[in-house]
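Single-letter residue listing:
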Amino acid sequence: MNHLLKLLDLSPAEITEILNLADQLKYENKHGITHHHLAGKALGMIFQKASTRTRVSFEVGMYQLGGKALFLSSHDLQIGRGEPVEDTARVLSRYLDGIMIRTFQQAEVEALAQWGSVPIINGLTDFCHPCQVLADLMTIREKKGALQGLKLCFIGDGNNMMNSLIVGGLKTGMEVSVAYPAGYEPAETVLAFARETGRFSSFDDPQKAAADADVVITDVWASMGQEDEAEKRKAAFAGYQINEGLMARAKSDAMVLHCLPAHRGEEITADIFESHADEIFEEAENRLHAQKAVMVKLMK
Ligand code: CP
Ligand code: NVA
(Lines give C-alpha, C1' and ligand atoms only; values in the text may rest on other atoms or scores of the structure.)
(Ligands and ions follow the chains in the order given, each with its own letter.)
Protein backbone atom coordinates (compact mmCIF):
# COMPACT_ATOMS: atom_id res chain seq x y z
CA MET A 1 0.00 0.00 0.00
CA ASN A 2 1.68 3.21 -1.22
CA HIS A 3 -1.22 5.67 -1.02
CA LEU A 4 -4.76 5.99 0.31
CA LEU A 5 -6.62 7.28 -2.75
CA LYS A 6 -9.83 5.25 -2.43
CA LEU A 7 -10.97 2.12 -0.59
CA LEU A 8 -11.44 0.27 -3.89
CA ASP A 9 -7.62 0.11 -4.07
CA LEU A 10 -7.24 -1.64 -0.70
CA SER A 11 -7.47 -5.36 -0.02
CA PRO A 12 -9.63 -6.58 2.88
CA ALA A 13 -6.39 -7.54 4.67
CA GLU A 14 -4.99 -4.01 4.28
CA ILE A 15 -8.19 -2.50 5.71
CA THR A 16 -8.06 -4.89 8.67
CA GLU A 17 -4.38 -4.05 9.28
CA ILE A 18 -5.23 -0.34 9.42
CA LEU A 19 -8.14 -0.98 11.81
CA ASN A 20 -5.97 -3.15 14.07
CA LEU A 21 -3.22 -0.53 14.19
CA ALA A 22 -5.83 2.19 14.82
CA ASP A 23 -7.16 0.22 17.81
CA GLN A 24 -3.62 -0.14 19.15
CA LEU A 25 -2.85 3.57 18.69
CA LYS A 26 -6.12 4.48 20.40
CA TYR A 27 -5.28 2.22 23.34
CA GLU A 28 -1.81 3.78 23.61
CA ASN A 29 -3.29 7.29 23.35
CA LYS A 30 -5.74 6.56 26.19
CA HIS A 31 -2.94 5.16 28.36
CA GLY A 32 -0.46 7.95 27.78
CA ILE A 33 1.91 5.75 25.75
CA THR A 34 3.75 7.76 23.10
CA HIS A 35 5.65 6.46 20.08
CA HIS A 36 7.13 9.03 17.75
CA HIS A 37 6.80 6.81 14.69
CA LEU A 38 7.01 9.83 12.36
CA ALA A 39 9.68 11.91 14.12
CA GLY A 40 11.20 14.42 11.73
CA LYS A 41 8.57 13.83 9.04
CA ALA A 42 6.28 16.45 7.52
CA LEU A 43 2.77 16.07 6.12
CA GLY A 44 1.36 18.72 3.76
CA MET A 45 -2.43 19.14 3.97
CA ILE A 46 -3.96 20.74 0.88
CA PHE A 47 -7.52 21.95 1.40
CA GLN A 48 -9.75 23.15 -1.44
CA LYS A 49 -12.83 22.76 0.78
CA ALA A 50 -13.69 23.61 4.38
CA SER A 51 -12.92 21.18 7.21
CA THR A 52 -13.11 20.90 10.98
CA ARG A 53 -12.46 17.21 11.75
CA THR A 54 -10.08 16.30 8.95
CA ARG A 55 -7.84 19.28 9.42
CA VAL A 56 -7.60 19.09 13.20
CA SER A 57 -7.34 15.30 13.46
CA PHE A 58 -4.55 15.11 10.88
CA GLU A 59 -2.65 17.99 12.45
CA VAL A 60 -2.96 16.64 16.00
CA GLY A 61 -2.28 13.09 14.81
CA MET A 62 0.94 14.15 13.13
CA TYR A 63 1.97 16.05 16.28
CA GLN A 64 1.30 13.00 18.45
CA LEU A 65 3.43 10.88 16.11
CA GLY A 66 6.34 13.29 16.47
CA GLY A 67 6.01 14.89 13.05
CA LYS A 68 4.74 18.17 11.70
CA ALA A 69 1.66 18.98 9.61
CA LEU A 70 1.42 22.02 7.33
CA PHE A 71 -1.99 23.48 6.51
CA LEU A 72 -1.95 24.49 2.85
CA SER A 73 -5.08 26.28 1.74
CA SER A 74 -5.47 26.06 -2.01
CA HIS A 75 -6.47 29.74 -1.94
CA ASP A 76 -2.89 30.57 -0.97
CA LEU A 77 -1.06 27.98 -3.06
CA GLN A 78 -0.08 28.56 -6.68
CA ILE A 79 -2.30 25.59 -7.55
CA GLY A 80 -5.21 27.98 -6.85
CA ARG A 81 -3.79 30.26 -9.58
CA GLY A 82 -3.49 27.47 -12.10
CA GLU A 83 -0.09 25.86 -11.44
CA PRO A 84 -0.53 22.32 -12.76
CA VAL A 85 -0.97 19.48 -10.29
CA GLU A 86 1.90 17.62 -12.04
CA ASP A 87 4.30 20.40 -11.03
CA THR A 88 2.84 20.89 -7.56
CA ALA A 89 3.22 17.16 -6.92
CA ARG A 90 6.86 17.07 -7.99
CA VAL A 91 7.78 20.16 -6.00
CA LEU A 92 5.97 19.23 -2.79
CA SER A 93 7.42 15.70 -2.93
CA ARG A 94 10.87 17.23 -2.49
CA TYR A 95 9.91 18.90 0.81
CA LEU A 96 7.30 16.63 2.33
CA ASP A 97 7.07 13.00 3.43
CA GLY A 98 3.35 12.74 2.68
CA ILE A 99 0.47 14.81 1.30
CA MET A 100 -3.15 14.81 2.38
CA ILE A 101 -5.52 16.49 -0.05
CA ARG A 102 -9.19 17.48 0.16
CA THR A 103 -10.54 18.56 -3.20
CA PHE A 104 -13.36 18.15 -5.71
CA GLN A 105 -12.11 15.84 -8.44
CA GLN A 106 -10.84 12.35 -7.67
CA ALA A 107 -8.67 12.69 -10.79
CA GLU A 108 -6.65 15.43 -9.07
CA VAL A 109 -5.81 13.13 -6.16
CA GLU A 110 -4.86 10.33 -8.55
CA ALA A 111 -2.67 12.79 -10.52
CA LEU A 112 -0.85 13.86 -7.35
CA ALA A 113 -0.04 10.20 -6.71
CA GLN A 114 1.02 9.68 -10.30
CA TRP A 115 3.35 12.69 -10.45
CA GLY A 116 4.53 12.90 -6.85
CA SER A 117 6.93 10.55 -5.10
CA VAL A 118 5.49 10.57 -1.56
CA PRO A 119 2.37 8.86 -0.15
CA ILE A 120 -0.90 10.66 -0.99
CA ILE A 121 -3.89 10.49 1.35
CA ASN A 122 -7.38 11.38 0.15
CA GLY A 123 -9.01 13.65 2.74
CA LEU A 124 -12.30 13.74 0.75
CA THR A 125 -13.23 14.21 -2.87
CA ASP A 126 -16.64 14.35 -4.51
CA PHE A 127 -16.15 10.62 -5.19
CA CYS A 128 -15.05 9.25 -1.84
CA HIS A 129 -14.04 9.80 1.78
CA PRO A 130 -11.82 6.84 2.71
CA CYS A 131 -10.41 8.30 5.97
CA GLN A 132 -13.92 8.85 7.29
CA VAL A 133 -15.04 5.35 6.43
CA LEU A 134 -11.98 3.76 8.06
CA ALA A 135 -13.01 5.62 11.24
CA ASP A 136 -16.61 4.45 10.74
CA LEU A 137 -15.53 0.81 10.38
CA MET A 138 -13.33 1.17 13.46
CA THR A 139 -16.30 2.55 15.43
CA ILE A 140 -18.67 -0.21 14.32
CA ARG A 141 -16.10 -2.90 15.16
CA GLU A 142 -15.47 -1.30 18.54
CA LYS A 143 -19.17 -1.34 19.48
CA LYS A 144 -20.22 -4.59 17.81
CA GLY A 145 -17.05 -6.66 18.28
CA ALA A 146 -16.76 -7.66 14.61
CA LEU A 147 -17.83 -6.49 11.15
CA GLN A 148 -18.33 -9.77 9.30
CA GLY A 149 -22.01 -10.56 8.84
CA LEU A 150 -23.39 -7.23 10.12
CA LYS A 151 -25.83 -5.25 8.00
CA LEU A 152 -24.86 -1.65 7.20
CA CYS A 153 -27.55 0.62 5.78
CA PHE A 154 -26.94 4.05 4.22
CA ILE A 155 -29.86 6.35 3.53
CA GLY A 156 -29.44 9.44 1.34
CA ASP A 157 -27.25 10.84 -1.39
CA GLY A 158 -25.10 8.61 -3.59
CA ASN A 159 -22.16 10.81 -2.69
CA ASN A 160 -18.61 10.38 -1.35
CA MET A 161 -19.89 8.82 1.89
CA MET A 162 -22.26 6.36 0.26
CA ASN A 163 -19.59 5.33 -2.25
CA SER A 164 -16.97 4.71 0.43
CA LEU A 165 -19.34 2.98 2.86
CA ILE A 166 -20.51 0.56 0.19
CA VAL A 167 -16.92 -0.39 -0.63
CA GLY A 168 -15.65 -0.39 2.97
CA GLY A 169 -18.65 -2.32 4.27
CA LEU A 170 -18.48 -4.98 1.58
CA LYS A 171 -14.69 -5.36 1.79
CA THR A 172 -14.96 -6.05 5.52
CA GLY A 173 -17.60 -8.75 5.10
CA MET A 174 -20.72 -6.77 5.86
CA GLU A 175 -24.02 -6.83 4.03
CA VAL A 176 -24.73 -3.35 2.64
CA SER A 177 -28.10 -1.86 1.73
CA VAL A 178 -28.69 1.65 0.49
CA ALA A 179 -31.68 3.84 -0.33
CA TYR A 180 -31.59 6.97 -2.49
CA PRO A 181 -34.00 8.84 -4.73
CA ALA A 182 -33.77 8.44 -8.51
CA GLY A 183 -31.05 10.66 -9.92
CA TYR A 184 -28.82 10.42 -6.83
CA GLU A 185 -27.18 7.05 -7.47
CA PRO A 186 -23.74 6.07 -6.19
CA ALA A 187 -20.88 5.88 -8.70
CA GLU A 188 -21.10 3.23 -11.41
CA THR A 189 -17.65 1.79 -10.53
CA VAL A 190 -18.84 1.32 -6.96
CA LEU A 191 -22.09 -0.33 -8.06
CA ALA A 192 -20.17 -2.67 -10.38
CA PHE A 193 -17.92 -3.74 -7.50
CA ALA A 194 -20.88 -4.05 -5.11
CA ARG A 195 -23.04 -6.21 -7.36
CA GLU A 196 -20.20 -8.75 -7.71
CA THR A 197 -20.19 -9.44 -3.97
CA GLY A 198 -23.77 -10.71 -3.76
CA ARG A 199 -24.12 -8.87 -0.43
CA PHE A 200 -25.43 -5.55 -1.77
CA SER A 201 -28.96 -4.30 -2.24
CA SER A 202 -30.37 -0.90 -3.22
CA PHE A 203 -33.86 0.51 -2.86
CA ASP A 204 -35.74 3.71 -3.41
CA ASP A 205 -37.73 2.99 -0.22
CA PRO A 206 -35.59 3.75 2.86
CA GLN A 207 -37.83 1.57 5.05
CA LYS A 208 -36.87 -1.47 3.00
CA ALA A 209 -33.17 -0.65 3.11
CA ALA A 210 -33.24 -0.24 6.90
CA ALA A 211 -34.88 -3.60 7.62
CA ASP A 212 -32.90 -5.47 10.31
CA ALA A 213 -29.88 -3.18 9.94
CA ASP A 214 -27.16 -3.24 12.60
CA VAL A 215 -25.88 0.21 11.61
CA VAL A 216 -27.81 3.05 9.98
CA ILE A 217 -25.82 5.89 8.45
CA THR A 218 -26.62 9.09 6.62
CA ASP A 219 -24.97 12.29 5.42
CA VAL A 220 -26.03 15.76 4.35
CA TRP A 221 -28.31 16.11 1.33
CA ALA A 222 -26.18 18.87 -0.23
CA SER A 223 -22.44 18.30 0.00
CA MET A 224 -19.69 20.91 -0.20
CA GLY A 225 -19.81 22.47 -3.64
CA GLN A 226 -23.55 21.71 -4.06
CA GLU A 227 -24.85 24.60 -1.98
CA ASP A 228 -26.77 26.08 -4.91
CA GLU A 229 -28.72 22.81 -5.27
CA ALA A 230 -29.81 22.82 -1.62
CA GLU A 231 -33.49 23.62 -2.25
CA LYS A 232 -33.86 21.14 -5.09
CA ARG A 233 -32.18 18.49 -2.98
CA LYS A 234 -34.42 19.17 0.03
CA ALA A 235 -37.39 18.28 -2.15
CA ALA A 236 -35.73 15.21 -3.66
CA PHE A 237 -34.60 13.80 -0.29
CA ALA A 238 -37.78 14.48 1.70
CA GLY A 239 -38.62 11.06 3.13
CA TYR A 240 -34.97 9.95 3.21
CA GLN A 241 -34.56 10.88 6.85
CA ILE A 242 -33.26 8.87 9.77
CA ASN A 243 -36.10 9.22 12.25
CA GLU A 244 -37.93 7.12 14.80
CA GLY A 245 -40.11 5.41 12.22
CA LEU A 246 -37.10 4.39 10.15
CA MET A 247 -35.14 3.18 13.18
CA ALA A 248 -38.12 0.98 14.13
CA ARG A 249 -37.29 -1.08 11.03
CA ALA A 250 -33.65 -1.61 12.06
CA LYS A 251 -32.50 -3.97 14.81
CA SER A 252 -33.41 -2.75 18.29
CA ASP A 253 -29.72 -2.30 19.17
CA ALA A 254 -28.81 -0.64 15.86
CA MET A 255 -26.12 2.02 15.87
CA VAL A 256 -26.45 5.36 14.08
CA LEU A 257 -23.43 7.07 12.54
CA HIS A 258 -22.99 10.42 10.81
CA CYS A 259 -19.71 11.77 9.47
CA LEU A 260 -20.70 15.33 10.46
CA PRO A 261 -21.47 18.15 10.01
CA ALA A 262 -25.14 17.16 10.47
CA HIS A 263 -28.28 19.04 9.52
CA ARG A 264 -30.84 18.18 12.18
CA GLY A 265 -34.37 18.11 10.80
CA GLU A 266 -33.10 17.22 7.33
CA GLU A 267 -31.23 13.92 6.95
CA ILE A 268 -31.60 13.06 10.66
CA THR A 269 -33.97 14.16 13.42
CA ALA A 270 -32.57 15.92 16.48
CA ASP A 271 -33.95 13.12 18.70
CA ILE A 272 -32.21 10.31 16.84
CA PHE A 273 -29.02 12.34 16.60
CA GLU A 274 -28.94 12.99 20.35
CA SER A 275 -29.89 9.46 21.34
CA HIS A 276 -26.89 8.19 19.31
CA ALA A 277 -24.54 11.05 20.12
CA ASP A 278 -22.10 8.75 21.94
CA GLU A 279 -21.63 6.70 18.78
CA ILE A 280 -21.44 9.72 16.50
CA PHE A 281 -18.81 11.52 18.56
CA GLU A 282 -16.80 8.34 19.10
CA GLU A 283 -16.84 8.10 15.30
CA ALA A 284 -15.50 11.65 15.10
CA GLU A 285 -12.78 10.86 17.64
CA ASN A 286 -11.80 7.75 15.73
CA ARG A 287 -10.79 9.91 12.76
CA LEU A 288 -7.69 10.75 14.81
CA HIS A 289 -6.74 7.15 15.56
CA ALA A 290 -7.59 5.75 12.12
CA GLN A 291 -5.63 8.48 10.33
CA LYS A 292 -2.63 8.02 12.61
CA ALA A 293 -2.70 4.36 11.58
CA VAL A 294 -2.86 5.34 7.89
CA MET A 295 0.07 7.75 8.28
CA VAL A 296 2.19 5.20 10.15
CA LYS A 297 1.45 2.57 7.50
CA LEU A 298 2.28 4.90 4.63
CA MET A 299 4.97 7.19 5.99
CA LYS A 300 7.01 5.29 8.60
N1 CP B 1 -16.42 14.40 8.50
C2 CP B 1 -15.51 15.30 8.04
O3 CP B 1 -14.71 14.99 7.14
O4 CP B 1 -15.53 16.50 8.65
P5 CP B 1 -14.79 17.83 8.19
O6 CP B 1 -15.43 18.28 6.91
O7 CP B 1 -15.03 18.78 9.33
O8 CP B 1 -13.34 17.54 7.99
N1 NVA C 1 -20.76 14.59 1.83
C2 NVA C 1 -20.20 15.64 2.66
C3 NVA C 1 -19.24 15.06 3.65
C4 NVA C 1 -18.61 16.07 4.57
C5 NVA C 1 -17.60 15.46 5.49
C6 NVA C 1 -19.53 16.66 1.78
O7 NVA C 1 -18.85 16.25 0.83
O8 NVA C 1 -19.69 17.84 2.02
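Preceding this paragraph is the structure being described.
Residues numbered from 1 in each chain as written. Chains lettered and ligands numbered in written order. Predicted model: local features only at pLDDT ≥ 70, side-chain atom pairs only at ≥ 80, totals over all residues. Heavy atoms only, no water.

> When you look at the overall build of the protein chain in this model, what are you seeing that I'm missing?
Assigned secondary structure in the protein chain consists of twelve helices and nine strands. Relative to its length of 300 residues, the protein chain is compact, with a C-alpha radius of gyration of 19 Å against a globular reference of 19 Å. Summarising its shape, the C-alpha atoms of the protein chain cover approximately 55 × 45 × 35 Å along the three principal directions. For the protein chain, the residues scored as buried account for 56% of the 300 residues in total. (Helix = DSSP H or I, 4+ residues; strand = E, 2+ residues; numbered from the N terminus. Rg over C-alpha atoms; globule rule 2.2 N^0.38 Å. Buried < 20%, exposed > 50% of the residue type's maximum accessible area, 1.4 Å probe, protein only.)

> Is there a simple way to think about the environment of cysteine 128 in this case?
Turning to its location among the elements, cysteine 128 is positioned in the loop between β4 (120–122) and α5 (130–144). Of the residues examined, cysteine 128 reaches a relative accessible area of 3% and is grouped as buried. Linking cysteine 128 and valine 296, residues 168 residues apart in sequence, is a C-alpha distance of 21 Å.

> Would you mind showing me how to read the pairing of strand β1 (residues 42–47) here?
Regular strands place side chains that alternate from one sheet face to the opposite one. Within β1, six of the six residues are buried, which leaves the element mostly enclosed by the surrounding structure. Along β1, one buried face is formed by Ala42, Gly44 and Ile46 and the opposite face, lined by Leu43, Met45 and Phe47, is buried too. Bridge count between β1 and strand β2 (residues 68–73): six bridges; the pairing is parallel. Among the inter-strand pairings, isoleucine 46 is bridged to a residue of β2, identified as leucine 72. Across five bridges, the pairing between β1 and strand β3 (residues 98–102) is parallel. Paired with glycine 44 across the bridge in β3 is isoleucine 99. (Pairing = 2+ DSSP bridges.)

> Sorry if this is basic, but what is going on with the environment of valine 216 here?
Position of valine 216 relative to the elements: it lies in strand β8 (residues 215–218). C-alpha separation for the pair valine 216 and serine 11, spaced 205 residues apart in sequence, amounts to 24 Å. Once you skip the residues sitting within four places of it in the chain, valine 216 turns out to touch Cys153, Ile155, Ile242, Leu246, Met247, Ala250, Met255, Val256 and Leu257. (Contact = heavy atoms within 4.5 Å.)

> What's the story with the site of ligand 2 in this structure? I'm lost.
Taken together, Leu124, Asn159, Asn160, Asp219, Val220, Ser223, Met224, Cys259 and Leu260 make up the full set of residues near ligand 2. Between asparagine 159 and ligand 2, the recorded distance is 3.3 Å, taken from a side-chain N or O atom to a nitrogen atom. Here serine 223 contributes a side-chain N or O atom positioned 2.7 Å from a nitrogen atom of ligand 2. Considered on its own, ligand 2 offers 270 Å² of accessible surface; in the complex 94% of this is hidden by protein. (Near = heavy atom within 4 Å. Polar contact = N/O pair within 3.5 Å; in protein donor to acceptor, adjacent residues only side chain to side chain. Areas by Shrake-Rupley, 256 points an atom, 1.4 Å probe, with all protein chains shown as cover.)

> Where do I start with the sheet that holds β3 in this structure?
Strand order in the open sheet made by the four strands is β2-β1-β3-β4, with parallel pairing throughout. Either end of the sheet is taken by a strand with one partner, and the two such strands are β2 and β4. Here the average twist between neighbouring strands, direction ignored, is 20 degrees. Two strands pair when backbone bridges link them, and β3 and β4 are joined in this way by three bridges, in the parallel orientation. Its bridge partner being in β4, methionine 100 is matched across the sheet by isoleucine 121. Sheet strands in contact with helix α2 (residues 53–64) are β1, β2, β3 and β4, and its direction is about 175 degrees off that of β1. Across the face of the sheet, helix α12 (residues 277–299) comes into contact with β1, β3 and β4 while running at roughly 155 degrees to β4. (Axes fitted to C-alpha atoms, helices over the stretch in contact; angles between N-to-C directions.)

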